[in-house]
Amino acid sequence: MNFLDGSLFPENQNKLVITAAPYGPEWIPSDFPDDIAVTMEAQIQKAVDCYNAGASVLHLHVRELDGKGSKRLSKFNELIAGVRQAVPDMIIQVGGSISFAPEGDGAAAKWLSDDTRHMLAELDPKPDQVTVTVNTTQMNVLEHMDERDIAGTSLALPENRRAYSEMIVPSNPAWFEEHIRRLSAAGIQSAFQFYNINSFETVERLIRRGVYKGPLVMNWVAISGGMDAPNLYNLSNFVRAIPDGSMLTVESSMRNVLPINMMGMALGLHVRCGIEDNIWNQSRSEKMGTVQQIQQLVRIANEFGRPVANGKEAREILKIGVFYDTVEETLAANGFAPNPRGGQQGFLRKVA
């Protein structure tokens, strides 16, 4: 992205899109009983509360009545339908990592089969987005956490600590290319989860080859453990690489969430918060629920002078429902240089 004179002024930035991640599949209800919704009615109400607080995007996971994360697509359909009815303007983003919710004894942080994950393209009612990870990578979500972050929670149990620190995100080319095609065919936007600049570069190549023909909407996921560490240098390196026509949300974990969000907010980027990412206030003196985290970001945005987008405005910023007809149109809409014509075209152009 280019930062010209005045780029840091809010009048030259899009309104702030806040993504709420209130379901926290890595936790069990006893980890934060005041904030973790279990019944379907409570999970729908949590979405309503997040929207009313200022979040326009809902990162959606589902719980069973026993408090464990659900892998049943029927439960996802039920929650999506409930949220659609309760807050129709809210953007529903299904977390593609549904599979790492514990399923039973010894099954924490296990991923479902590729065929099952592809079924996210068949959800009914369909979500606006499904998060998509490209390239298999380590996902040690505990690596940069302080012991005090998880003390007294289920993540501190030896078996869970081992599972979540050894977790790997399986995303090989045959899988993610097919998954993107299925989501696009269903009219669902791929919300790309970028762990470093390499995964972004892979998606640029997918666009240049015509595998993905839609808006480039992405999260920079700075949680370490195989992904970028949350610091200014990594963020600057990533932001410098992406084109002006793209939409970037920053994401981190635990007490890194707020400072990374403040950096993103100042730069004209977008933010994410919620108990899936963090359960503490900045002094770690008490736990902080998702709605409180949203309200905090809204207050800071007001101090910046940057208005917060509502659901309809966020749909325009994220270009929900927009797809393009050609590779050239996709590149131009996202701010990429066109594919070269004539001369040394290289492998990618010949494939396209």
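Above this text is the structure in question.
Residues numbered from 1 in each chain as written. Predicted model: local features only at pLDDT ≥ 70, side-chain atom pairs only at ≥ 80, totals over all residues. Heavy atoms only, no water.

Thoughts on the pairing of strand S4 (residues 129–133)
Judged by how many residues are buried, S4 sits mostly within the fold: five of five residues are covered. Burial along S4 is two-sided: Gln129, Thr131 and Thr133 facing one way and Val130 and Val132 facing the other are all buried. Relative to S4, strand S3 (residues 91–94) is paired through two bridges, and the arrangement is parallel. Considered in S4, the bridge of Gln93 is made with Gln129. In the sheet, S4 pairs with strand S7 (residues 189–194) via five bridges, with the strands oriented parallel. Looking across to S7, one finds that Gln129 is bridged to Gln189. (Buried < 20%, exposed > 50% of the residue type's maximum accessible area, 1.4 Å probe, protein only. Helix = DSSP H or I, 4+ residues; strand = E, 2+ residues; numbered from the N terminus. Pairing = 2+ DSSP bridges.)

Considerations on the side chain of Gln296
Structurally, Gln296 is set in helix H10 (residues 290–304). Those residues within four positions of Gln296 in sequence are excluded, and the remaining contacts are Leu258 and Met288. (Contact = heavy atoms within 4.5 Å.)

Re the packing of aromatic side chains
Under the counting rule described, the total for this entry stands at six aromatic pairs. Between Phe194 and Phe238, the ring centres sit 6.0 Å apart and the planes meet at 50°, which makes this aromatic pair tilted. Taken as a pair, Phe194 in strand S7 and Phe238 in helix H8 (residues 232–241) lie far apart in primary sequence, 44 residues in all. The interplanar angle of 65° and the centroid separation of 6.0 Å between the aromatic rings of Phe200 and Phe238 together place this pair among those described as edge-to-face. With Phe200 in helix H7 (residues 197–209) and Phe238 in helix H8, the pair connects residues that are 38 residues apart, well separated along the chain. Cluster of aromatic residues (ring-pair linked, three or more members): Phe192, Phe194, Phe200, Tyr212, Phe238 and Phe336. Positioned above the aromatic ring of Trp175, the side-chain terminus of Arg117 is 4.0 Å from the ring centre. (Phe/Tyr/Trp six-rings, centres within 6.5 Å; stacked < 30°, edge-to-face > 60°. Lys NZ or Arg CZ within 6 Å of the ring centre and 35° of its normal.)

Quick look at the environment of Ile168
The residue Ile168 is located in strand S6 (residues 168–169) in this model. Here Ile168 falls in the partly exposed class, since its relative accessible area comes to 44%. Spatially, the C-alpha atom of Ile168 lies 9.0 Å from that of Gly226, the residues being 58 residues apart in sequence.

Points about the environment of Leu206
With respect to the helices and strands, the residue Leu206 is situated in helix H7. Distance in space between the C-alpha atoms of Leu206 and Asn261 is 28 Å, their sequence separation being 55 residues. Once residues within four sequence positions are removed from consideration, Leu206 is found in contact with Phe176, Glu177, Ile180, Val211 and Tyr212.

Examining the nonpolar core
Grouped together as the largest cluster of nonpolar side chains are 69 residues, with contacts concentrated most on Leu60 and Phe192. For Phe192, the residues in contact, after removing those within four places along its chain, are Val132, Val134, Ile180, Val203, Tyr212, Leu216, Val217, Met218 and Asn219. (Core = buried A, V, L, I, M, F, W, Y, C linked by side-chain atoms within 4.5 Å.)

Thoughts on unusual backbone geometry
With an omega of 5°, the peptide bond between Asp124 and Pro125 qualifies as cis. At Asn135, a residue that is not glycine, the phi angle is positive and equals roughly 80°. Within the secondary structure layout, Asn135 lies in the loop between S4 and strand S5 (137–138). The residue Lys319 is not glycine, and still its phi comes out positive at about 55°. Among the structural elements, Lys319 can be located in the loop between helix H11 (311–318) and helix H12 (327–334).

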